[in-house]
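A look at the structure
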Amino acid sequence: MAAIPSHNFHLRLPHMINQRTQYSLSLKPHFSHSSLITFPTRASPARAMSTTDEEASISTRLEPESYGLTTAEDIRRRDREAKESKRLRDTWRKIQGEDDWAGLMDPMDPVLRSELIRYGEMAQACYDAFDFDPFSRYCGSCRFTRRHLFDSLGILDSGYEVARYLYATSNINLPNFFSKSRWSKVWSKNANWMGYVAVSDDDEATRCRLGRRDIAIAWRGTVTRLEWIADLKDFLKPVSGNGFRCPDPAVKAESGFLDLYTDKDTSCNFSKFSAREQVLTEVKRLVERYGDEEEELSITVTGHSLGGALAVLSAYDVAEMGLNRTRKGKVIPVTAFTYGGPRVGNIRFKERIEELGVKVLRVVNEHDVVAKSPGLFLNERAPQALMKLAGGLPWCYSHVGEMLSLDHQKSPFLKPTVDLSTAHNLEALLHLLDGYHGKGQRFVLSSGRDPALVNKASDFLKDHFMVPPYWRQDANKGMVRNTDGRWIQPDRIRADDHHAPDIHQLLTQLHHPSQLL
């Protein structure tokens with residue numbers, strides 16, 4: 001891929017993109033200290049719920065304005081009126097799945113749509129911040145420090161603060177998932193950055209908008225290499241064997257997902273605690289800090305692809321461990337929003353999640369093969385009699401929660417081709433969410449989310465929109481000139497990436513129920 005000059009560079013978009021919208025692809029003529037090309041400034045997840053006529057105008061030049069009795073503007077006006085009649089602060093429990101999203105998906109509730117896009121962008125941030133480059137000595141790490149993650153990605157006024165980063169050991173049998181540097185001197189030989197735990201801040205506008213304080217957990221998946229599906233052992237095993245506090249040995253999950261979530265490498269600074277230990281201790285810390293305040297609290301987990309599997313596992317784990325209960329006995333709702341996620345466990349795993357009150361909403365592209373794996377033959381769609389007979393087999397899977405199925409062939413922006421990688425693309429899913437209004441209804445963009453984001457890491461937009469494929473890239477492959485005029489890979493600050501000093505104490509409390517909340 002050709003290098004992009006690091007000076008006097010300006011990308012001119014075709015007339016279809018509204019240059020005044022917040023999603024403008026216009027790039028600044030200079031680069032940030034990180035030498036990363038400035039992303040299109042995205043509306044922050046927290047601001048995604050406030051849509052203006054100006055933001056919505058991006059699609060007016062791209063979509064037919066007349067659909068017979070209903071125009072695109074009519075549909076947008078209806079969405080605006082619906083948002084004005086009910087705000088997130090008043091309906092957040094229903095949006096988090098209190099009633100299993102009954103009546104909210106068909107027709108599509110505009111507040112739910114905004115929230116699904118908001119949490120989807122939190123998952124997308126894991127891709128945008130991840131260093132995939134095998135020629136970088138920081139390959140497999142996050143490009144930015146946690147305190148500046150959202151700002152560095154152009155997610156302005158997110159309303160969240162990253163409390164900690166999550167890491168996993170790469171010493172497990174998922175070679176096509178982990179990214180490793182080709183150089184010998186690297187930041188870590190045995191760890192990969194997996195995501196983050198964030199908490200909504202104390203800003204009055206954020207608290208008023210959300211209606212509660214929110215603990216958000218975002219897991220990284222894989223956006224380009226779907227070969228990791230073949231790496232799966234496709235073998236279910238009891239979750240209790242991997243340290244889960246589950247009283248039923250019949251509750252099982254896919255062994256590869258369990259290993260990724262629970263394995264650790266004591267010789268590595270970043271993965272000497274498992275991803276599971278990292279996320280549970282941080283949730284425990286945050287619940288102890290905020291759980292008994294007068295303000296309501298929620299726990300929301302999000303992830304795409306394999307990250308969706310980790311989102312389901314960790315949401316279940318938080319509830320199974322009782323971390324969603326405060327000292328005063330208040331129950332905190334736990335919700336997982338997953339995007340293109342695979343099946344995770346068996347029928348008993350599904351039933352156990354329901355017993356614990358964990359809510360799961362899966363957003364999928366109906367052409368995505370990942371959402372149909374594993375368990376291609378023995379799954380929740382098989383005849384009930386067959387599933388009853390095969391329920392004890394180690395390859396009999398079941399999806400959990402509710403599903404929102406979208407079809408990229410309904411979008412006038414996307415190529416109708418069914419390509420495995422593009423059908424699995426997260427930015428494409430967020431685009432489909434923006435245009436979805438219900439089964440059988442016209443595709444009309446609601447928030448003005450820039451369609452060009454779809455081609456950030458794919459070639460999915462139709463060519464006549466003239467948005468180049470795979471346009472997101474680093475300036476000069478991340479190389480910068482030092483004071484001597486030589487081109488080097490700059491050092492990255494890693495001081496705040498290590499584990500909290502009280503993690504041992506929190507783990508001790510987790511392992512002894514009498515010391516839990």
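So, here's what we can say about the structure. Nothing here was measured: the structure is a model prediction, and the numbers come from that model.

With that settled, consider the environment of aspartate 128. Position of aspartate 128 relative to the elements: it lies in helix H4 (residues 110–128). For the pair formed by aspartate 128 and leucine 153, sequence separation is 25 residues and the distance between their alpha carbons is 7.3 Å. Only 3.0 Å separates the side chain of aspartate 128 from the side chain of lysine 456, close enough to count as a polar contact.

Right, let's talk about the environment of lysine 372 for a bit. Note that lysine 372 resides in the loop between strand S10 (359–365) and helix H12 (384–390). Among the polar contacts made by the side chain of lysine 372, one reaches the main-chain carbonyl oxygen of glutamate 366 at a distance of 3.1 Å.

A separate point is the packing of aromatic side chains. Per the counting criterion, the structure on display carries 12 aromatic pairs. Taking the centre distance of 5.5 Å and the plane angle of 35° together, the rings of phenylalanine 413 and phenylalanine 465 count as tilted. Taken together, the positions of phenylalanine 413 in the loop between strand S11 (402–406) and helix H13 (420–423) and phenylalanine 465 in the loop between helix H14 (426–435) and strand S12 (480–481) put the pair 52 residues apart, joining distant regions of the chain. By relative accessible area, phenylalanine 413 is classed as buried at 1%. Across from the ring centre of tyrosine 119, 4.5 Å away, lies the NZ or CZ of arginine 118, which sits over that ring.

Note on placement: phenylalanine 337 falls in strand S9 (residues 334–339). With relative accessibility at 0%, the residue phenylalanine 337 sits in the buried group. Considered as a pair, phenylalanine 337 and leucine 361 are 24 residues apart in the sequence and their alpha carbons are 5.1 Å apart. Those residues in contact with phenylalanine 337 that lie beyond four places of it in its chain are Ile95, Gln96, Trp101, Leu116, Tyr119, Thr300, Val301, Thr302, Gly303 and Leu361.

Cis geometry marks the peptide bond from aspartate 106 to proline 107; its omega dihedral reads 5°. Tracing the backbone shows proline 107 in the loop between helix H3 (88–95) and H4. Note that the residue after serine 373, namely proline 374, is joined by a cis bond; omega there is -20°. With respect to the helices and strands, proline 374 occurs in the loop between S10 and H12. Positive phi values are uncommon outside glycine, yet methionine 466 reaches one of about 60°. Within the secondary structure, methionine 466 is located in the loop between H14 and S12.

On to the packing of helix H10 (residues 306–320) against helix H11 (residues 347–356), then. Relative to each other, H10 and H11 sit at 50°, their axes nearing to 10 Å. Put simply, H10 runs oblique to H11. The crossing of H10 and H11 is left-handed. Contact residues: H10 offers Val312, Leu313, Tyr316, Ala319 and Glu320, while H11 offers Phe349, Arg352, Ile353 and Leu356. Of the residues contributing to the contact of H10 with H11, the split by class is seven nonpolar, no polar and two charged.

Right, let's talk about the nonpolar core for a bit. Ranked by internal contacts, the top residues of the largest apolar core, which has 65 residues, are Leu112, Leu116, Leu149, Trp193, Tyr196, Tyr339 and Leu433. In terms of residue count, H4 provides more of this core than any other element does, 10 residues in total. With residues near it in sequence (within four places) discarded, tryptophan 193 still touches Cys126, Ala129, Phe130, Gly140, Ser141, Cys142, Tyr165, Leu166, Tyr167, Trp187 and Arg220. Ranked by size, the runner-up nonpolar core spans 53 residues in total, among them Val239, Val279, Val287 and Ala336.

Ordered by their spatial adjacency, seven strands build an open sheet running S3-S4-S5-S8-S9-S10-S11, and the pairing between neighbours is mixed. Looking at which strands have only one partner, the edges of the open sheet turn out to be strand S3 (160–169) and S11. Ignoring strand direction, the axes of neighbouring strands in this sheet form an average angle of 15°. As judged from the six bridges shared by strand S8 (residues 297–304) and S9, these two strands associate in the parallel manner. Residue pairing across strands places glycine 303 opposite threonine 338, the latter belonging to S9.

Scoring rules and cut-offs
- Residues numbered from 1 in each chain as written.
- Predicted model: local features only at pLDDT ≥ 70, side-chain atom pairs only at ≥ 80, totals over all residues.
- Heavy atoms only, no water.
- Helix = DSSP H or I, 4+ residues; strand = E, 2+ residues; numbered from the N terminus.
- Polar contact = N/O pair within 3.5 Å; in protein donor to acceptor, adjacent residues only side chain to side chain.
- Phe/Tyr/Trp six-rings, centres within 6.5 Å; stacked < 30°, edge-to-face > 60°.
- Buried < 20%, exposed > 50% of the residue type's maximum accessible area, 1.4 Å probe, protein only.
- Lys NZ or Arg CZ within 6 Å of the ring centre and 35° of its normal.
- Contact = heavy atoms within 4.5 Å.
- Axes fitted to C-alpha atoms, helices over the stretch in contact; angles between N-to-C directions.
- Parallel < 35°, antiparallel > 145°, perpendicular 65-115°, else oblique.
- Left-handed = near helix turned anticlockwise from the far one by under 90°.
- Nonpolar A, V, L, I, M, F, W, Y, C, P; charged D, E, K, R; others polar.
- Core = buried A, V, L, I, M, F, W, Y, C linked by side-chain atoms within 4.5 Å.
- Pairing = 2+ DSSP bridges.

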